[in-house]
Amino acid sequence: MNLSKEFNTVFGSPDMYRRLVENLHAGIYVADANGKLIYVNQAFIIILGYSSKDELIGQNLADHLYVHPQDRLQFLNKIGKVGFVRNYEIENKRKDGSTVLFSVTSDLIYDEHNQVAGIEGVVYDITEQKKWQKQSIMLEKAVEQTAEHVMITDKEGLIQYVNPAFEETTGFSSGEIIGMNPKILQSG
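Let us look at the structure shown here. Values in this document were obtained by computation on a predicted structure and should not be read as measured data. Every chain begins its residue count from 1, and numbering advances along the sequence as written. Reporting in this predicted model follows two pLDDT cut-offs: at least 70 for local features of residues, and 80 or more for side-chain atom pairs to be given and counted; totals over whole chains, interfaces and linings ignore these cut-offs and use all residues. With hydrogens and water excluded, all non-hydrogen atoms of the structure serve as input to the side-chain values.

**Some remarks on the pattern of salt bridges**
Opposite charge on two side chains lets them pair, provided their charged atoms get close.
Stage number 1. Salt bridge, as used here, is a side-chain nitrogen of Lys or Arg placed within 4 Å of a carboxyl oxygen of Asp or Glu. Applying the stated criterion to the full structure yields seven salt bridges.
Stage number 2. One salt bridge in this structure joins E89 and K130, with 3.1 Å as the shortest N-O distance. Note that E89 is positioned in strand β3 (residues 84-93) and K130 in helix α6 (residues 127-145), a separation of 41 residues in sequence.
Stage number 3. When a residue's accessible area, from a 1.4 Å probe over protein chains only, is under 20% of the maximum for its type it is buried; when over 50% it is exposed; and in between it is partly exposed. Judged by relative accessible area, K130 falls into the partly exposed class, the value being 26%.
Stage number 4. We note a salt bridge from D125 to R94, for which the minimum N-O separation is 3.2 Å. Here D125 is found in strand β5 (residues 116-125), whereas its partner R94 is found in the loop between β3 and β4 (99-110), with 31 residues between them in sequence. Strands are runs of DSSP state E lasting at least 2 residues, helices are runs of H or I lasting at least 4, and numbering of each runs from the N terminus.

Following this line, the structure appears as structure tokens:
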């Protein structure tokens, strides 16, 4: 058995690529030059809360997905300048009217005359990630501003973080104390 030949036969086939695309957790879409969807994978459907491809194929992205119409123009201006966007954040609508924040990586598709024929892209739902980032920033600000001293250690017990109140109370700067054992505070 020639493994290389087997690989090229099985894994080089269009069926393999179709299976991979359909089984990704990232949403994939292809739209024509007017923004009409001509292909979406299963993840794209699920992320947007639809039941089947039939509900989305033929729909215009501008009419159904953008929360803010001006976002579409900004996206088209950006992608039109260089032919692609990477990790472009944009808010879209789900079928039920709720919103989802996408990180979009897209490329323009050109025809044989170098005219824009459409757009293809990959979308990731970053809604929860952004929510956690926002909460993390709020928590960080609260810890930084509290009058109580805060110290965080790793699983070995070495100090990884101290807030300004800790520095003020103990006299140790974060640069001096990070990486040390908290027992150093008992030494007087």
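**Re the pairing of strand β2 (residues 37-40)**
Stage number 1. Between any two strands, pairing holds if DSSP finds at least two bridges. Pairing analysis gives three bridges linking strand β1 (residues 27-32) to β2, with the strands arranged antiparallel. Across the sheet, V30 pairs through a bridge with Y39, a residue of β2.
Stage number 2. With antiparallel pairing between neighbouring strands as the criterion, β1 and β2 make up a hairpin whose turn holds four residues, including G35 at a positive phi of roughly 95 degrees.

**Some details on the pairing of β4**
Stage number 1. The pairing of β3 with β4 spans eight bridges and is classified as antiparallel. Of the residues in β4, the one forming a bridge with F84 is D107.
Stage number 2. As consecutive antiparallel partners, β3 and β4 are separated by five residues, and within that stretch G97 has a phi angle of approximately 95 degrees, a positive value.
Stage number 3. As judged from the nine bridges shared by β4 and β5, these two strands associate in the antiparallel manner.

**Some thoughts on the environment of M138**
Stage number 1. With respect to the element layout, M138 can be found in helix α6.
Stage number 2. Overall, the relative accessible area of 55% leaves M138 in the exposed class.

**Side note on the environment of T153**
Stage number 1. Relative to the helices and strands, T153 resides in strand β6 (residues 151-153).
Stage number 2. Overall, T153 belongs to the partly exposed group, its relative accessible area being 35%.
Stage number 3. Note: C-alpha distance between T153 and G83 (70 residues apart in sequence) is 47 Å.
Stage number 4. The contacts of T153, once residues within four sequence positions are left out, are L158, I159, Q160 and P182. Here, residues are in contact when the closest pair of their heavy atoms is within 4.5 Å.

**Overview of the side chain of S106**
Stage number 1. Take S106: it is sitting in strand β4.
Stage number 2. For this analysis, a polar contact is any N or O atom pair within 3.5 Å, provided that within protein one partner can donate a hydrogen and the other can accept it, and provided that sequence-adjacent residues contribute only side-chain to side-chain pairs. Looking at S106, its side chain comes within polar contact range of the side chain of Y29, at 2.6 Å.
Stage number 3. Residues within four places of S106 in sequence aside, it is in contact with Y29, F75, I79, G83, F84, V85, R86, I119, E120 and G121.

**Things to note about the packing of aromatic side chains**
Stage number 1. Only Phe, Tyr and Trp rings take part, Trp by its six-membered ring, and two of them pair if their centres are within 6.5 Å. Stacked means planes under 30 degrees apart, edge-to-face means over 60, and tilted covers everything else. Here the structure, examined in full by the defined rule, presents three aromatic pairs.
Stage number 2. Taken together, a centroid distance of 6.4 Å and an interplanar angle of 35 degrees make the contact between F44 and F102 tilted. Of this pair, F44 sits in helix α3 (residues 42-47) while F102 sits in strand β4, and the two are 58 residues apart along the sequence.
Stage number 3. Exposure remark for F44: the relative accessible area of 2% places this residue in the buried category.

**Let's talk about helix α5 (residues 69-82)**
Stage number 1. By the burial criterion, the buried members of α5 are D71, F75 and I79. Looking straight down α5, one finds that the buried residues subtend no more than 55 degrees of arc, so they occupy a single side. Structural note: α5 exposes P69, L73, N77, G80 and K81 on the side pointing more than 90 degrees away from its buried face.
Stage number 2. Where α5 is buried, its residues contact β1, β3, β4 and β5. Here the arc refers to the directions that run from the helix axis out to each C-beta atom.

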